[in-house]
Amino acid sequence: MPKHTLRVVARIIARPDKVEELRSLLMGLIEPTRKEPGCIAYELLQNKADETDFTFVEEWEDDAALDAHLASPHVREALSKAPALLAAEPDIRRYNVVG
């Protein structure tokens with residue numbers, strides 16, 4: 001049976017007056033994350049209808065790779081700066097492919 005990868009959808013909502021600051025912070029995660037072991041895909045989307053709404057769509061080899069990512073220095077640094085920029089807690093969901 002083929003091994004399935006882990007998919008992640010992480011939704012992040014900016015405060016209306018902090019959209020550009022949050023966008024810059026999130027963009028800074030892309031390059032180092034894509035170089036991490038176990039990272040297959042890592043894309044940042046911005047909602048066309050609501051500029052405060054950002055979503056990462058990610059694919060990882062497994063839970064261990066994602067857990068290492070969440071503990072990485074660049075993610076921890078971003079998380080320490082994010083609260084002042086966010087309208088709500090990030091909504092991070094892990095998914096298995098079922099079909």
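The preceding data block contains the structure.
Read on for a plain summary of the structure. (Residues numbered from 1 in each chain as written. Predicted model: local features only at pLDDT ≥ 70, side-chain atom pairs only at ≥ 80, totals over all residues. Heavy atoms only, no water.)

Looking at the overall build of the chain
Using the following cut-off: Working definition: helices are DSSP H or I runs of at least four residues, strands are E runs of at least two. Numbering for both runs from the N terminus. Two things to know: the radius of gyration comes from C-alpha atoms, and the globule rule equals 2.2 Å times the number of residues to the power 0.38. Categorising residues by exposure relies on relative accessible area from a 1.4 Å probe, with only protein chains included: less than 20% of the type maximum marks a residue as buried, more than 50% marks it as exposed, and the intermediate range marks it as partly exposed. Should any heavy atoms of two residues lie within 4.5 Å, those residues are considered in contact. Counted charges follow a simple rule, with Lys and Arg positive, Asp and Glu negative, and His plus the chain ends left uncounted. Note that the charge is assigned to NZ on lysines, CZ on arginines, CG on aspartates and CD on glutamates.
A count of helices and strands for the chain gives 3 helices and 4 strands. Listed N to C, the secondary structure of the chain is β-α-β-β-α-α-β in terms of helices and strands. For 99 residues, the compact-globule formula gives about 13 Å, and the C-alpha radius of gyration of the chain, at 14 Å, lands near that figure. Expressed along its principal axes, the backbone C-alpha trace of the chain runs to roughly 50 × 30 × 20 Å. Relative to its full complement of 99 residues, the chain shows a buried share of 35%. Pairs at least 24 apart in sequence give 69% of the contacts found in the chain among residues at least 6 apart. Between the mean site of the 13 positive side-chain charges and the mean site of the 18 negative ones, the chain shows a separation of 1 Å.

Some points on the pattern of salt bridges
Proximity of charged atoms lets side chains of opposite charge pair with each other. Just so we agree on the cut-off: Only one rule defines a salt bridge in this text: a Lys or Arg side-chain nitrogen within 4 Å of an Asp or Glu carboxyl oxygen.
Summed over all chains, the structure comprises 8 salt bridges. Here Arg11 makes a salt bridge to Asp53, at a shortest N to O gap of 3.1 Å. Placement of the pair is Arg11 in strand β1 (residues 6-13) and Asp53 in strand β3 (residues 53-60), with a sequence separation of 42 residues. Classification of Arg11 by relative accessible area gives partly exposed; the value is 41%. Across the pair Arg93 and Asp91 runs a salt bridge, and its minimum N-O distance is 3.0 Å.

Focus: the packing of aromatic side chains
Inclusion rule: What counts as a ring pair is set by centres within 6.5 Å for rings of Phe, Tyr and Trp (its six-membered ring), and what kind of pair is set by the plane angle: stacked under 30 degrees, edge-to-face over 60, tilted for all other angles.
Evaluation of the coordinates by the stated rule reveals 2 aromatic pairs. Aromatic side chains Tyr42 and Phe56 sit 4.7 Å apart centroid to centroid with 25° between the ring planes, which places their arrangement in the stacked category. On the criterion of sequence distance, the pair formed by Tyr42 in strand β2 (residues 39-46) and Phe56 in strand β3 is long-range, its members being 14 residues apart. Exposure class is identical for Tyr42 and Phe56. Each is buried. Taken together, a centroid distance of 6.4 Å and an interplanar angle of 75° make the contact between Tyr42 and Trp60 edge-to-face. In this pair, Tyr42 is assigned in strand β2 and Trp60 in strand β3, connecting sequence segments 18 residues apart. Here the aromatic cluster, defined as three or more aromatic residues joined through ring pairs, consists of Tyr42, Phe56 and Trp60.

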